[in-house]
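Architecture and fold: a report
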Amino acid sequence: RAIPSKAQVTNPGETSMNRRERRRRESLGMEAGEPVPARSVNAAKARVRSAEKRLDAGDSAGALAAIKEAQALDPENARAWFLQAMLDLNAGRVTEAGDAILKASLLDEKDVTIHANCAAIMNLCGRPMEAEASARFVLDLDPDMPEAYCNLGVALEAQGKVADAREALTKAIDLRPGYADALLSLGNMWFRAGDYMSAAESYADAVKARPENVMAKTNLAIALRHLGELAAAEQQCVEAI
């Protein structure tokens, strides 16, 4: 390959960054234009703070209005997209939440909370490969985050990687003993494999950790019924009801 003359040499890092930025903006559906003015950036941050205060006060409609204003002022405000994702998720708009959290994750490569939630929402959206990628990204930033291992386990099982999924869920429980969500997911894996005893043990641990968790009691009842422990299964159902 021909070696360029000195006049043709460009900064490799700069070129790489430009290409990465271009791909990122294309993924976000943004035009490659002038940077957002500082005044608009600051105004957007103010709207985001207002939205957070409204959320704390239980004013979801007011929070959403402030978020939309922030996005109009600065489409690259990651926090605004993250808050929209949380509002959409709480309202049951899972697909919309997925779109918003993906934008937030593309705009902020350092916020662990954004990427951890991205993994969880991608799992809810039935997009396990993206969930796995987000979870692994989180673990690169924070190798001891139980939620990331839990989300990774769910994503891996959905892709048929059962052994790796169990390893990830077990790691989550090791990092946070009594982690009910991970125990439930592990129990579900054992149940789907037909190992009802192991499933019941995982569900029972989840019940012990979170006695108020209705799903844990219900799943434990189902596993106990498969084991022929009908009286114990009935008791879990009664408590769940």
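About the thresholds
- Residues numbered from 1 in each chain as written.
- Predicted model: local features only at pLDDT ≥ 70, side-chain atom pairs only at ≥ 80, totals over all residues.
- Heavy atoms only, no water.
- Phe/Tyr/Trp six-rings, centres within 6.5 Å; stacked < 30°, edge-to-face > 60°.
- Lys NZ or Arg CZ within 6 Å of the ring centre and 35° of its normal.
- Core = buried A, V, L, I, M, F, W, Y, C linked by side-chain atoms within 4.5 Å.
- Buried < 20%, exposed > 50% of the residue type's maximum accessible area, 1.4 Å probe, protein only.
- Helix = DSSP H or I, 4+ residues; strand = E, 2+ residues; numbered from the N terminus.
- Contact = heavy atoms within 4.5 Å.
- pLDDT = per-residue confidence, 0-100.
- Axes fitted to C-alpha atoms, helices over the stretch in contact; angles between N-to-C directions.
- Parallel < 35°, antiparallel > 145°, perpendicular 65-115°, else oblique.
- Left-handed = near helix turned anticlockwise from the far one by under 90°.
- Nonpolar A, V, L, I, M, F, W, Y, C, P; charged D, E, K, R; others polar.

Below, the discussion takes up the packing of aromatic side chains. Using the criterion set out here, one finds 1 aromatic pair in the structure. The ring of Trp190 is capped by Arg166, whose NZ or CZ atom sits 4.1 Å from the centre of that ring.

Counting 33 residues, the largest nonpolar core has Cys150, Leu152, Leu169, Ala172, Ala182, Tyr203 and Leu220 as the members making the most contacts within it. Looking at this core, the elements with two or more residues in it are helix H6 (112–124), helix H7 (128–141), helix H8 (146–158), helix H9 (162–175), helix H10 (180–192), helix H11 (196–209) and helix H12 (214–226). Sequence-distant contacts of Leu220, that is, excluding residues within four places in its chain, are made with Ala200, Tyr203, Ala204, Val207 and Gln236. With 27 residues, the next largest nonpolar core counts Ala51, Ala66, Ala97 and Met122 among its residues.

Okay, the environment of Ala199 next. Structurally, Ala199 can be placed in helix H11. Ala199 sits 24 residues away from Ala223 along the chain, and the two C-alpha atoms are 6.6 Å apart. Leaving out residues up to four positions away in the same chain, Ala199 has contacts with Gly187, Trp190 and Phe191.

Averaged over all residues, the pLDDT of the protein chain equals 88, while 86% of them reach at least 70. Across residues 1–19, where pLDDT falls below 50, the model places 2 contacts with residues more than four positions away in sequence or in other chains.

This brings us to the packing of H6 against H8. Contact pair H6 / H8: the axes reach a minimum separation of 9 Å and the direction vectors enclose 30 degrees. By the angle between their directions, the pair H6 and H8 is classed as roughly parallel. Helix-helix and strand crossings are classified by hand; for H6 and H8 the assignment is left-handed. Residues Ala116, Ala119, Ala120 and Asn123 of H6 lie in contact with H8, whose contacting residues are Asn151, Val154 and Ala155. Here the residues of the contact of H6 with H8 sort into 5 nonpolar, 2 polar and no charged.

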